[in-house]
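Each chain is listed here by its residues.
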Amino acid sequence: MNTRDFAEFLKKFSSAAEAGDGDAFAACFTEDGIYRDYVYGDHHGRAEIAHMMSHQFHRDAGKDYRWEMFDPMCEGNLAYAWSLSTFTSIVPEFTGQRVTIDGMSKFILEDGLIKDYRESVNGGVAMAQLGVQPERLAKVCAKWGRLLEAQPETVDFLAHEKGAWMKST
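Everything quoted here is computed from the prediction, not taken from an experiment.

Draft legend 1. Inspection of the packing of helix 4 (residues 123-130) against helix 5 (residues 134-150) at higher detail. Contact geometry of helix 4 with helix 5 gives a least axis separation of 10 Å together with a crossing angle of 160 degrees. With respect to each other, helix 4 and helix 5 are oriented roughly antiparallel. Every pair of crossing elements has a handedness; the one defined by helix 4 and helix 5 is right-handed. Of the residues in helix 5, those touching helix 4 at Gly123, Gly124 and Met127 are Leu137, Val140, Cys141 and Trp144. Classifying every residue of the contact of helix 4 with helix 5 gives five nonpolar, two polar and no charged.

And the structure:
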């Protein structure tokens, strides 16, 4: 896939997410694709991805959810895009609180579909916008820190000395 095709693909991806159409969103993934969400965790396969989008994400984000991708880049099976998203929470504890998030998304592609999706966003900012109490926010951020350190890529990174990546290229 090239960058132009990827930009078109992102329109389909984002539109399905905004609409809460779990099946259309999941159709952007391979049968065994993985969607890694910093709030809802990892979802494997189209059925789990569809359920997450329709029954978890849109359960909490409400009807005014908006997610747009900018500056897409794609080379072969690796693609990235910067995004902005916004919604007004319908979670009872935070009803009516508007959240705006920016993030970077990494897409591993296979045959024009997403094999592995992950994003990097500052969830602490989103939680502060919701009005999450500082003690709870600290616990969640500590959990995210532990999850980051447990990822295989992070374990590998931490196992190598500073500058090791430069020696291998």
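Next comes the rest of the write-up.
Draft legend 2. Summary view of the pattern of salt bridges. The tally for this structure, following the rule as stated, stands at nine salt bridges. Close ionic contact of Glu68 with Arg66 constitutes a salt bridge, the shortest N to O distance being 2.8 Å. Glu68 gets classed as partly exposed once you look at its relative accessible area, which sits at 30%. Several salt bridges converge on common partners, so that one network encompasses Arg36, Asp42, Asp116, Arg118 and Glu153.

Draft legend 3. Representation of the sheet that holds strand 3 (residues 66-75) in the model. As summarised here, the arrangement of the six strands in space is 2-1-6-5-4-3, forming an open sheet in which the pairing is mixed. Only two strands of the sheet have a single partner each, and these edge strands are strand 2 (41-44) and strand 3. Across the sheet, the axes of successive neighbouring strands diverge by a mean angle of 15 degrees, strand direction being ignored. When strand 3 meets strand 4 (residues 78-88), the two strands line up antiparallel, connected through eight bridges. Residue pairing across strands places Cys74 opposite Ala79, the latter belonging to strand 4. Sitting on the sheet, helix 4 touches strand 5 (98-110) and strand 6 (113-121), and the angle it makes with strand 5 is about 150 degrees.

Rules behind the numbers
Residues numbered from 1 in each chain as written. Predicted model: local features only at pLDDT ≥ 70, side-chain atom pairs only at ≥ 80, totals over all residues. Heavy atoms only, no water. Axes fitted to C-alpha atoms, helices over the stretch in contact; angles between N-to-C directions. Helix = DSSP H or I, 4+ residues; strand = E, 2+ residues; numbered from the N terminus. Parallel < 35°, antiparallel > 145°, perpendicular 65-115°, else oblique. Left-handed = near helix turned anticlockwise from the far one by under 90°. Contact = heavy atoms within 4.5 Å. Nonpolar A, V, L, I, M, F, W, Y, C, P; charged D, E, K, R; others polar. Salt bridge = Lys/Arg side-chain N within 4 Å of Asp/Glu carboxyl O. Buried < 20%, exposed > 50% of the residue type's maximum accessible area, 1.4 Å probe, protein only. Pairing = 2+ DSSP bridges.

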